[in-house]
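Fold and contact review
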Amino acid sequence: MAPRTSFKVHRTRDGRLLLESALTKDPKDRTLVISRDGNVVLEDAKLAFPTSVDNVTEIMEVYGVLGMLELSFAKYLIVATDRSLAATVQSHKIWKITQGAALALGSMDDKQVSVQRDLDAQSLAKYELDQDLLNSIMEIVNSGHLYYSPTYDITHSLQHNQLLSTGRTTTAIIDDRYFFNKHLAKPFLEVPKGIALPWICKTICGFAGMIEADVGVGPDDVEGDATLRTYNVALISRLNSRRLGTRYVRRGLDADGNAANNVEMEQIVFDHDFDGNRIITSFAQIRGSVPGLWGQDLDLSYRPKLLIADIKKPQIWEAILKHYTDLRQQYVGEKFVAGGKDEGKVVCVNLLDDKGFEGELTKMYEASVLKVEDERLMYEEFPVNKWCKKMNFRNMDILLDRVRDRLINSGLFVAEGEVPSTSGKGSLRVSRLQTGVLRVSCLDSLDRTNLTCTMFARYILPFQVQSINPSDFPASSFLYVNGANPLDVRDPVAAARKALAGSSSILTNLWADSGDAISLLYAGTRALKADVTRTGERQWLKGSFDDGLNALTRYYLNNFVDGVRQDAYDLWTGKVSLEQIYRLASTEGMKKAQQLQKPVISKGQGVVGRILPAFVVDRIEPLLQAATDYAHSTIAGAQDRAGRAHQWIFSPRTADHISSDGSPKTAIGFLVSAAKIYAPGRVATLIDFIGAMVVFVYVLAFVKVFHLNGKSLVGRPKLSIEHETIHELVD
């Protein structure tokens, strides 16, 4: 039985959700039933469905289930409602989720409270908080960064899938770190015998895409003699969900050795006519935050101070050692192929500056690798900003020359046959394994990192193509490359490299698209230096202008918006407890509920409410509510404040205008915090960008003039306290 393209979800009047069979030709015609309290069971369709169609209140067609999320007011089923084809691995299709929906469990009457403001304040507080959190969750679902395949497990590399299917692995750790929706899918995964699995979309977060590379085969000096062969090149970038987060909230490692912004990037190549030639190859490399316990505490400065924990502290070193050990166990030393070579190493490529702001981080990184004393763990330092100053990015070839032997010795995964599927082991006969990996990082592991990973992928591609059709390329063709000593370096795939030259631009564009996706997830904007990645050269005017806009946008988002995004990531991965959610409902949710039940201006009521259009009321009501709250707090402490009024206005250097939680304590504090009410929650258009910059400049002006504490104005996560933890570790 194969997976169905889509299936229908029926909501019944008694509050159940009925999911039609997710399999074609299901002889039992089974239905997955989700009760209003979230229990998941499998029932015969005839027994599950109501006898009267009047008892079905809603029908929705979906492509799969992402999971279930429990918040303060209700539980919600998260489903994929639209998709587009992103790539293929042989005959297996990889889909991008482009739209989703959150279906509240229980009858609709219970949930249609948005217009029922006569609910008790506690219930309304929970409902309003749920809506805010769901909006953030659905931004992840609708972001275009979630991918799945109904027939192929894209949460693992091709090599790891093969090791799992055969059970022949002896050393490799293969786990669920890239199964992005595992926490949400837990209620379905726990159903006995895996009977609920066909309904689940097992997703990755990151990127999947594919190009077709045309290669001319044969002599090109005689017209008509060359043969054109097409190769499919798929790129799958998987974001590790164990330390998921935004740029300044998640840095470095956690106590278990998991790195922030850790992405496995796999380049898979196979013949377009894979029925005729079934050889397939893959090459994986990884990026991730610099391995150490470090961070930066946001304070509205453009480059917050680095906080780096001493690796001599036992708990710090334990986390670092766990990280390096995990890298080896994932990628190095596996060799079940008879006579297979095992020359691979973990090569840590550090692109940070060796002096200045990033210098201390570089020292810590190098010292940690040396302290491990492992011949399979190597360190390569290449300060991109120094070597490529004045935009001379051709000097990146120097780095390639340095790591070339280790890059080649890491090997490729090469096999022939059908790849393993979700329903079978496939028929791959493995001839080579990848036995090492390059780990690339810079400060954010985004821009310089993507430029470097693209270069490595471009260099390896001819090895992959030649592995598929070795007879197409003369083995005796050697060319000296990249200015290296001709006595030391020869290119064994020179003919394949020359034949692939025409596909270089589409390959680099594919990798640039992947880099943009990872950057959007971590920093909120597309990658910087994307013009260099795409073209190999700096486009002075357009490239510099684009980088400037993206840098300013990052600056704004990281300070004002990323707190909300971090809460969504932590909800998604199960790092938030129900107790935390209920506590937030009793504060933030209750405040919003009270504002809804007692607005300053009631729409359609009173003189002002009848005169002003509804959309105007919606825009000014938050400001009026903030002013009312401030006025109440001012009256409560009027006597104390009267004695210090002169100080607030005329002695800004000593004034305490804003409390640690961001609440205004003075008129100056109110004026600056009120501006944040109108700060855009996303920057997707020019209007958004202009609005964001206006608010940001306004806030910064107040910070500079009145010497406000920038830390109290940053939009921090409400469900995470990691920014406090780094201070404890450093101290």
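Residues numbered from 1 in each chain as written. Predicted model: local features only at pLDDT ≥ 70, side-chain atom pairs only at ≥ 80, totals over all residues. Heavy atoms only, no water.

Okay, the overall build of the protein next. Across its full length, the protein carries 23 helices and 20 strands. A burial count over the protein gives 53% of its 731 residues as buried. Pairs at least 24 residues apart make up 69% of the contacts formed inside the protein by residues separated by at least 6 positions. With the model as given, the accessible surface of the protein reaches about 32400 Å², and the carbon-plus-sulfur share is 53%. (Helix = DSSP H or I, 4+ residues; strand = E, 2+ residues; numbered from the N terminus. Buried < 20%, exposed > 50% of the residue type's maximum accessible area, 1.4 Å probe, protein only. Contact = heavy atoms within 4.5 Å. Areas by Shrake-Rupley, 256 points an atom, 1.4 Å probe, with all protein chains shown as cover.)

What follows deals with the pattern of salt bridges. Opposite charge on two side chains lets them pair, provided their charged atoms get close. A complete count under the given rule lists 37 salt bridges for this structure. A salt bridge links Arg238 to Glu264, with the nearest nitrogen and oxygen atoms 2.9 Å apart. Taken together, the positions of Arg238 in strand β11 (residues 227-239) and Glu264 in strand β12 (residues 263-271) put the pair 26 residues apart, joining distant regions of the chain. Take Arg238: its relative accessible area is 0%, and that puts it in the buried class. (Salt bridge = Lys/Arg side-chain N within 4 Å of Asp/Glu carboxyl O.)

Examined bridge by bridge, strand β13 (residues 279-287) and strand β18 (residues 413-416) share 4 bridges and lie antiparallel to one another. Looking at β18, one finds that Ser282 is bridged to Phe413. Bridging between β18 and strand β19 (residues 429-432) involves 3 bridges; their strand directions are antiparallel. Its bridge partner lying in β19, Glu416 is registered against Arg429. (Pairing = 2+ DSSP bridges.)

Moving on, we get to the packing of helix α3 (residues 121-141) against helix α15 (residues 562-572). Here α3 crosses α15 at 80°, and the two axes come no closer than 9 Å. Accordingly, the angle class assigned to the pair α3 and α15 is roughly perpendicular. For the pair α3 and α15, the contacting residues are Leu133, Ser136, Ile137, Ile140 and Val141 in the first and Val564, Ala568, Tyr569, Leu571 and Trp572 in the second. Grouping the constituent residues of the contact of α3 with α15 by class yields 9 nonpolar, 1 polar and no charged. (Axes fitted to C-alpha atoms, helices over the stretch in contact; angles between N-to-C directions. Parallel < 35°, antiparallel > 145°, perpendicular 65-115°, else oblique. Nonpolar A, V, L, I, M, F, W, Y, C, P; charged D, E, K, R; others polar.)

Okay, the side chain of Ser368 next. Residue placement: Ser368 occurs in helix α7 (residues 359-372). A residue is classified by how much of its surface remains accessible, and Ser368, at 0% relative accessible area, is buried. What Ser368 contacts, discounting residues up to four positions off in sequence, is Pro291, Ile311, Trp317, Ile320 and Tyr324.

For the structure on display, the rule yields 15 aromatic pairs. Residues Tyr365 and Tyr379 carry aromatic rings whose centres are separated by 5.4 Å and whose planes lie at 75° to one another, so their mutual orientation is edge-to-face. Residue Tyr365 is located in helix α7, and its partner Tyr379 is located in strand β17 (residues 377-381); the two are separated by 14 residues in the primary sequence. Tyr379 carries the same exposure label as Tyr365, and that label is buried. In this structure, Arg83 is placed above the aromatic ring of Trp95, and the distance from its NZ or CZ to the ring centre is 3.6 Å. (Phe/Tyr/Trp six-rings, centres within 6.5 Å; stacked < 30°, edge-to-face > 60°. Lys NZ or Arg CZ within 6 Å of the ring centre and 35° of its normal.)

Let us look at the sheet that holds strand β2 (residues 17-19). Whether parallel or antiparallel, the strands of a sheet pair through hydrogen bonds between backbone atoms. With antiparallel pairing, 5 strands are arranged side by side in an open sheet as β4-β3-β2-β1-β5. Pairing within the sheet leaves two strands with one partner each, and these edge strands are β4 (40-44) and β5 (56-62). Neighbouring strand axes in the sheet, compared pairwise and without regard to direction, differ in orientation by 25° on average. Two elements, strand β1 (residues 7-12) and β2, share 3 bridges in a ladder whose sense is antiparallel.

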